[in-house]
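Per-entry structural report
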Amino acid sequence: MTCTRCAACKQLRRRCPSNCIFLPYFPPNNPQRFSYVHRIYGASNVGKMLQQVEEHQRADVADSLYYEAYCRIKDPVYGCVGIITVLHEEIYHAQCQLAKVQAEIDLLKAQAPVQGELLGLQVNEFLANQNGAYCSTQSSFDPSFY
Amino acid sequence: MKSNEPRSTSSCAACKFLKRRCTPNCQFAPYFRSDEPKKFANVHKVFGASNVIKILNEVPHDQREDTVNSLVYEAEVRLRDPVYGCIGAIASLQRKMAELQHDLMVTRSHLAYYEAKPSSTASCSFVDYDPLNANMPSDFVDTSVSGGFLDSFSQNIFNMDQSGSTNEFGQFPFP
């Protein structure tokens, strides 16, 4: 038995054995962490979910369960599925924006194909000097790319 | 003696699974039809029947169907990815969003040159989106024990896709 019980065994009011499965992931200094997962999933379900994975994955399981439980407590209706919904919407809008901008480029290209080639050289030079974190080597301008 | 409760003609999926009598005021019956046994089985495996009832009791009646749908979805994703569950799905979507934002930035730079604007720098007018920290609840305290799990899934999201199933979310319940 450990001298200091883990947060799970404290809340469950039981002895905390040295091989307690909750001990590494629910330390006694953070009772809220176990309280949230216990409220949403229940201690036995959490224990089962920890046991069914490899030991090196259990920390990630505990963290992801905590995050999902937190989201569910904050938003009892949608939980973290609400976040997924928002991301789907944002991706859809970004895809629409991208398609719109590409269509504008196609239109300009169609209107001035010769000018586009000349401008392409300038774009390559500009992008080579860019310090932005998101510019990749693939972004060198190729008029035929679009 | 047997209970005087009237028998339901057809038990809901929950009562069938739990092997109990399905009463007319069964709280599961409106949401777990008898022809969808797997739905309740998954939810029960991840959350447990009593926890589902507690969660349903916290929300208004008109929102309970959405609550059940989100619980079903979450349970399915968790069973498919026992390590990361919906967090893996969120990380994958954030990665896709970051790629799209990058593509949009590059494409707008190209458009700026095509338009031959007088200003020397290509301005990107899209909303200042930080894909690494998007959609995180603002009051969430990161107390991860895995060496910064949330840091790793937001900043090293390429490393998250270990299960191979984060792009397959099944039928999304909320179109």
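Quick look at the structure, then. All values derive from a computational prediction rather than experimental measurement.

To continue, consider the overall build of chain A. Helix and strand counts for chain A stand at 6 helices and 0 strands. In chain A, the succession of helices and strands from N to C terminus is α-α-α-α-α-α. Every one of the 146 residues in chain A was classed for burial, and the buried ones make up 44%. Sequence separation of at least 24 residues holds for 42% of the intrachain contacts in chain A that already meet a minimum separation of 6.

This next bit is on the packing of aromatic side chains. Residues and elements named next belong to chain B. A full pass over the atoms with the stated rule returns 10 aromatic pairs over all chains. Arranged with centres 5.7 Å apart and planes meeting at 70°, the rings of F17 and F40 form a pair that is edge-to-face. Here F17, found in helix α1 (residues 13–18), pairs with F40, found in helix α2 (residues 37–46); they are 23 residues apart in sequence, far enough to count as distant. For F17, a relative accessible area of 40% corresponds to the partly exposed category. Using a relative accessible area of 0% as the deciding quantity, one classes F40 as buried. Of the aromatic side chains, those joined through ring pairs into one cluster are F17, F28, F32 and F40.

It is worth spelling out helix α4 (residues 64–80) of chain B at this point. For α4 of chain B, built from 17 residues, the straight-helix expectation of 24 Å at 1.5 Å per residue is met to within 8% by its first-to-last C-alpha distance of 24 Å. Lining the buried residues of α4 of chain B we find α3 (43–51), α4 (58–74) and α5 (81–111) of chain A together with α2, α3 (49–57) and α5 (85–115) of chain B.

To continue, consider the packing of helix α2 (residues 31–40) of chain A against α4 of chain A. Residue and element names in this part refer to chain A. Between α2 and α4, the shortest axis-to-axis distance is 8 Å and the interhelical angle comes to 70°. As summarised for this structure, α2 and α4 are arranged roughly perpendicular, according to the angle between their axes. Residues Q32, R33, Y36, V37, R39 and I40 of α2 pack against A62, D63, L65, Y66, A69, Y70, R72 and I73 of α4.

Glancing now at α5 of chain A. An ideal rise of 1.5 Å per residue puts 45 Å on 31 residues; α5 of chain A measures up with 45 Å between its terminal C-alpha atoms. Of all the residues in α5 of chain A, the buried ones are V81, G82, I83, I84, T85, L87, I91, A94, L98, V101 and I105 of chain A. The elements touched by buried residues of α5 of chain A are α4 of chain A together with α4 and α5 of chain B.

We now examine the pattern of salt bridges. In total, this model carries 7 salt bridges over all chains according to the counting rule given. Taking the shortest distance from any N to any O, the salt bridge between E74 of chain B and R72 of chain A comes out at 2.8 Å. With E74 of chain B in helix α4 and R72 of chain A in helix α4, this residue pair bridges two chains. Judged by its relative accessible area of 1%, E74 of chain B falls in the buried class. The exposure class of R72 of chain A is buried, given its relative accessible area of 2%. Connected via shared salt-bridge partners are R33, D35, E36 and K39 of chain B.

Okay, the environment of E104 of chain A next. Here E104 of chain A is to be found in helix α5. In this structure, E104 of chain A is in contact with L111 and E115 of chain B, ignoring residues within four places of it in sequence.

It is worth spelling out the nonpolar core at this point. Grouped burial of nonpolar side chains is what soluble globular proteins tend to show. Counting 52 residues, the largest nonpolar core has F22, F26 and Y41 of chain A together with F28 of chain B as its most contacted members. Within the residue set of this core, elements represented by two or more residues are α1 (7–12), α2, α3 and α4 of chain A together with α1, α2, α3 and α4 of chain B. With 8 residues, the single largest contributor to this core is α4 of chain A. Formed by 24 residues, the second largest nonpolar core is a distinct cluster that contains I84 and L98 of chain A together with Y73 and V77 of chain B.

Basis of the calculations
- Residues numbered from 1 in each chain as written.
- Chains lettered and ligands numbered in written order.
- Predicted model: local features only at pLDDT ≥ 70, side-chain atom pairs only at ≥ 80, totals over all residues.
- Heavy atoms only, no water.
- Helix = DSSP H or I, 4+ residues; strand = E, 2+ residues; numbered from the N terminus.
- Buried < 20%, exposed > 50% of the residue type's maximum accessible area, 1.4 Å probe, protein only.
- Contact = heavy atoms within 4.5 Å.
- Phe/Tyr/Trp six-rings, centres within 6.5 Å; stacked < 30°, edge-to-face > 60°.
- Expected span 1.5 Å × (residues − 1).
- Axes fitted to C-alpha atoms, helices over the stretch in contact; angles between N-to-C directions.
- Parallel < 35°, antiparallel > 145°, perpendicular 65-115°, else oblique.
- Salt bridge = Lys/Arg side-chain N within 4 Å of Asp/Glu carboxyl O.
- Core = buried A, V, L, I, M, F, W, Y, C linked by side-chain atoms within 4.5 Å.

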